[in-house]
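Results of the structural survey
Here is what each chain is made of, one letter per residue.
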Amino acid sequence: EEVEGMEEDVWGRVVTAPSAKTRRIVDALVGGDAVLFALTDIHVEDGSREMTALRQYVADRGFESAVTGGWREAMGEGGGKDGAGGVMLAWKRTEVRLEGKVEEVAEGRILRAQMCLPRCGARVDAMAVYMPVREGAMGEAVREMWDAMEGRAMGNRGLLIMGDMN
């Protein structure tokens, strides 16, 4: 019986795979003209088999990536046991060059990297974001995340923000 999100390798071992929805999204992006993209709210934990499988799926399609795992909370956003959040920044290895290291600006929420597009020589400060809603009485953690993102954005003419701004 086939179970969504699970596949077997050649030895019959069960190996985690990205969900059908994630595969459809990635395939639509890489099948088009995308050379740089972000996925948000990916629900993977740092170092997990799910994270490895997602990165491998993207790599098999010619993309390098950086991923931050999600987070878990007992109540409220995150839904407890299933967790929430997590961001992937992916770039086509033949079209985009990473300059330096990818920075995790806010855990499970913001990744930032300096990129170069060799064909035209453009330099881009790319941010993959999954921002929290900032309505009503914002908590300090939410305010800090928005301040971190906005602080890097102010005056940055080469900035590309991708993701979910809520």
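Quick look at the structure, then. (Residues numbered from 1 in each chain as written. Predicted model: local features only at pLDDT ≥ 70, side-chain atom pairs only at ≥ 80, totals over all residues. Heavy atoms only, no water.)

1. Quick word on the overall build of the protein
- In terms of regular secondary structure, the protein is built from three helices and nine strands.
- For the protein, the succession of helices and strands along the chain, N to C, is β-β-α-β-α-β-β-β-β-β-α-β.
- Here the protein holds 166 residues, and 40% of them are scored as buried.
- Sequence-distant contacts in the protein: of pairs separated by 6 or more residues, those separated by 24 or more amount to 51%. (Helix = DSSP H or I, 4+ residues; strand = E, 2+ residues; numbered from the N terminus. Buried < 20%, exposed > 50% of the residue type's maximum accessible area, 1.4 Å probe, protein only. Contact = heavy atoms within 4.5 Å.)

2. Things to note about the nonpolar core
- Among the nonpolar cores identified, the biggest contains 15 residues, and Leu36, Leu89, Trp91, Met115 and Ala126 are the most heavily contacted of them.
- Taken together, the elements giving at least two residues each to this core come down to β3 (36-40), β5 (87-92), β7 (110-117) and β8 (122-130).
- Sorting elements by how many residues they give to this core places β8 first, with four residues.
- Those residues within four positions of Met115 in sequence are excluded, and the remaining contacts are Leu36, Leu89, Trp91, Val96, Arg97, Leu98, Ala122, Arg123, Val124 and Ala126. (Core = buried A, V, L, I, M, F, W, Y, C linked by side-chain atoms within 4.5 Å.)

3. Quick look at the packing of helix α1 (residues 20-31) against helix α2 (residues 49-59)
- Put simply, α1 and α2 touch, their axes get as near as 11 Å, and they point 30° apart. Our classification of the angle between α1 and α2 gives roughly parallel. Remark: the crossing between α1 and α2 carries right-handed chirality. Of α2, the residues touching α1 (which contributes Thr22, Arg23, Val26 and Asp27) are Leu54, Tyr57 and Val58.
- Across the contact of α1 with α2, the residue classes tally to four nonpolar, one polar and two charged. (Axes fitted to C-alpha atoms, helices over the stretch in contact; angles between N-to-C directions. Parallel < 35°, antiparallel > 145°, perpendicular 65-115°, else oblique. Left-handed = near helix turned anticlockwise from the far one by under 90°. Nonpolar A, V, L, I, M, F, W, Y, C, P; charged D, E, K, R; others polar.)

4. Digging into helix α3 (residues 140-153)
- The end-to-end C-alpha distance of α3 is 20 Å, a good match for the 20 Å that 14 residues give at a rise of 1.5 Å each.
- Residues of α3 that are buried include every one of Val142, Met145, Trp146, Ala148 and Met149, and no others. All buried residues of α3 fall inside an arc of 155° around its axis, so they share one side.
- Looking at the packing, one finds that the buried side of α3 touches β6 (97-106), β7, β8 and β9 (159-164).
- Phi turns positive one or two residues past the end of α3, at Gly155, with a value near 75°. (Expected span 1.5 Å × (residues − 1). Arc of directions from axis to C-beta.)

5. A closer look at the packing of aromatic side chains
- Across all of its chains, the model carries one aromatic pair by this definition.
- Where Phe37 meets Phe63, the ring centres are 5.3 Å apart and the plane angle is 55°; that geometry is what we call tilted. Placement of Phe37 in strand β3 and of Phe63 in strand β4 (residues 63-68) is noted, with a sequence separation of 26 residues between them.
- A cation over a ring is seen here: Arg61 above Tyr57, with NZ or CZ 3.4 Å from the ring centre.
- Of note, Arg134 hangs over the ring of Trp146, and the distance from its end group to the ring centre comes to 3.8 Å. (Phe/Tyr/Trp six-rings, centres within 6.5 Å; stacked < 30°, edge-to-face > 60°. Lys NZ or Arg CZ within 6 Å of the ring centre and 35° of its normal.)

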